[in-house]
Amino acid sequence: MIASRPVHTWLTDMDGVLVHEEHALPGAREFLAALTATGRRFLVLTNNSIFTPRDLRARLAASGLEVPEEAIWTSALATARFLDVQRPNGSAYVIGEAGLTTALHNVGYTVADRAPDYVVLGETLTYSVEAITKAIRLIEGGARFIATNPDVSGPSREGTVPATGAVAALITAATGRQPYYVGKPNPLMMRGGLNRIEAHSETTVMIGDRMDTDVISGMEAGLRTILVMTGSTRPGDIEAFPYRPTLVLDSIADVVPLVHELTDA
């Protein structure tokens with residue numbers, strides 16, 4: 001049960017939990033207000049590597065949600081931290097947007113297209129055949145293959161668009177090399193988030209809308225998990241998985257009373 005141990009910190013997915021197509025979901029504003037009122041530390045997580053935390057803070061503010069820049073943790077930040085630990089001050093050929101290149105620059109990485117230590121694949125709105133071909137040849141030449149997240153598709157106003165996982169599959173088919181994915185469902189992203197806010201897994205809850213990323217990565221990182229039904233997962237989908245979230249709720253609005261209840265307990 002959620003209330004079996006104290007809850008001092010909260011992690012939450014962004015899309016499908018707090019926002020949908022840049023509109024705040026019911027209860028999101030109240031949830032953030034409850035965390036602030038009770039003094040609970042929190043982090044908003046996203047596999048989206050396109051935007052910097054500053055960009056995402058502005059986008060959330062446009063939806064009516066106030067989230068500090070330092071309370072946003074992206075797969076780009078997690079990837080940069082991972083590479084900084086593995087090979088400090090290294091080099092990478094990057095397919096991605098400002099969110100990824102900025103994160104890498106901030107940990108001392110240089111972007112290079114000749115003999116880089118890594119090929120780093122992230123999300124971009126304009127995947128280029130030329131850039132993908134270059135990545136394939138660099139990997140064949142010995143560069144290590146990293147990808148920010150395994151999501152194969154994403155939504156847009158016009159419909160489904162290919163995402164990092166789909167392009168990674170193309171590169172794998174051409175090279176025979178699998179990437180190491182840093183973002184969800186890798187629990188490494190959760191642990192990096194916990195370290196960022198100096199939280200402990202035993203006293204943290206993860207909220208998400210997907211069984212195959214949010215719930216499993218939270219569970220594997222030792223967190224209690226809440227699944228909400230405002231995103232990708234439907235109630236009938238849950239039984240298809242061999243694991244279950246700690247709690248299933250209709251929306252983030254149903255989490256608000258829990259924040260107060262667990263704070264007062």
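None of the values given here were measured: they were computed from a predicted structure. (Residues numbered from 1 in each chain as written. Predicted model: local features only at pLDDT ≥ 70, side-chain atom pairs only at ≥ 80, totals over all residues. Heavy atoms only, no water.)

*Asks:* Describe the sheet that holds strand β1 (residues 9–13), with residues and values.
*Replies:* Spatially, β5-β4-β1-β13-β14-β15 is the arrangement adopted by the six strands of the open sheet, whose pairing is parallel. Edge positions in the sheet fall to β5 (72–74) and β15 (247–249), since each has one partner strand and no second. Strand after strand, the sheet turns through a mean of 25 degrees between neighbouring axes, direction not considered. (Pairing = 2+ DSSP bridges. Helix = DSSP H or I, 4+ residues; strand = E, 2+ residues; numbered from the N terminus. Axes fitted to C-alpha atoms, helices over the stretch in contact; angles between N-to-C directions.)

*Asks:* Explain unusual backbone geometry to me, and be specific about the residues and the numbers.
*Replies:* Glycine aside, negative phi is the norm for most residues, and most peptide bonds take the trans geometry. A cis amide bond links K184 to the next residue, P185, at an omega of 15 degrees. Tracing the sequence through the fold places P185 in the loop between β12 (180–181) and α7 (187–196).

*Asks:* An account of the packing of helix α5 (residues 129–140) against helix α6 (residues 164–175) is needed here, citing residue identities and associated values.
*Replies:* Packing of α5 against α6 leaves a shortest axis separation of 10 Å and a crossing angle of 45 degrees. Of the possible angle classes, the one that applies to α5 and α6 is oblique. As for how α5 packs across α6, the hand of that crossing is right-handed. In contact with I132, A135, I136, I139 and E140 of α5, α6 contributes V167, L170, I171, A174 and T175. In terms of residue class, the contact of α5 with α6 is built from eight nonpolar, one polar and one charged. (Parallel < 35°, antiparallel > 145°, perpendicular 65-115°, else oblique. Left-handed = near helix turned anticlockwise from the far one by under 90°. Contact = heavy atoms within 4.5 Å. Nonpolar A, V, L, I, M, F, W, Y, C, P; charged D, E, K, R; others polar.)

*Asks:* I'd love a proper account of the nonpolar core, names of residues and values included.
*Replies:* As a rule of thumb, soluble globular proteins bury nonpolar side chains together. The biggest cluster of nonpolar side chains holds 33 residues, and the ones touching the most others in it are W10, L18, F31, I207, I226 and V255. Those elements giving two or more residues to this core turn out to be α1 (28–38), β4 (41–46), α2 (53–62), β13 (204–208), β14 (224–228) and α9 (256–264). In this view, F31 contacts W10, T12, L18, I207, I252, V255, V256 and V259; residues no more than four positions away in its chain are not counted. The next biggest cluster of nonpolar side chains, apart from the first, holds 28 residues, and it includes Y109, V182, L194 and A199. (Core = buried A, V, L, I, M, F, W, Y, C linked by side-chain atoms within 4.5 Å. Buried < 20%, exposed > 50% of the residue type's maximum accessible area, 1.4 Å probe, protein only.)

*Asks:* Could you give me a rundown of the packing of aromatic side chains, with the residues and numbers involved?
*Replies:* Any pair of aromatic rings gets described here by the distance separating the centres and the angle formed by the planes. By the definition in use, this model includes four aromatic pairs. Between the aromatic rings of Y109 and Y118, the centroid separation amounts to 6.4 Å while the plane-to-plane angle is 40 degrees, which identifies the pairing as tilted. On the numbers, 5.6 Å between centres and 55 degrees between planes, the contact of F241 with Y243 is tilted. Take F241: its relative accessible area is 26%, and that puts it in the partly exposed class. Taking relative accessible area as the criterion, Y243 reaches 13% and is therefore assigned buried. The positively charged end of R59 is found above the aromatic ring belonging to F51, 4.1 Å away from the centroid. For R144, the ring lying beneath its charged end belongs to Y118, and the centroid distance is 5.8 Å. (Phe/Tyr/Trp six-rings, centres within 6.5 Å; stacked < 30°, edge-to-face > 60°. Lys NZ or Arg CZ within 6 Å of the ring centre and 35° of its normal.)

*Asks:* Now, about the pattern of salt bridges: what can you tell me, with residues and values included?
*Replies:* Per the stated rule, a full pass over the model turns up seven salt bridges. Between K184 and D13 there is a salt bridge; the shortest N-O distance is 2.8 Å. Of this pair, K184 sits in the loop between β12 and α7 while D13 sits in strand β1, placing them 171 residues apart in sequence. Its salt-bridge partner being K184, residue D214 comes within 2.7 Å of it at the nearest N-O pair. Of this pair, D214 sits in helix α8 (residues 211–220) while K184 sits in the loop between β12 and α7, and the two are 30 residues apart along the sequence. Neither residue differs from the other here; D214 and K184 are each classed as buried. Salt bridges here are not isolated pairs; linked through shared partners, they connect D13, K184 and D214. (Salt bridge = Lys/Arg side-chain N within 4 Å of Asp/Glu carboxyl O.)

*Asks:* Account for the packing of α7 against α8, with residues named and values stated.
*Replies:* Interaxial distance between α7 and α8 falls to 8 Å at its minimum, and their mutual angle equals 65 degrees. Relative to α8, α7 is oriented roughly perpendicular. Once α7 is placed against α8, the crossing between them reads as right-handed. Each of P187, M190 and R191 in α7 lies in contact with α8, whose residues at this interface are D214, S217, G218 and E220. Considered class by class, the residues forming the contact of α7 with α8 number two nonpolar, two polar and three charged.

Nothing here speaks to function; it is all geometry.
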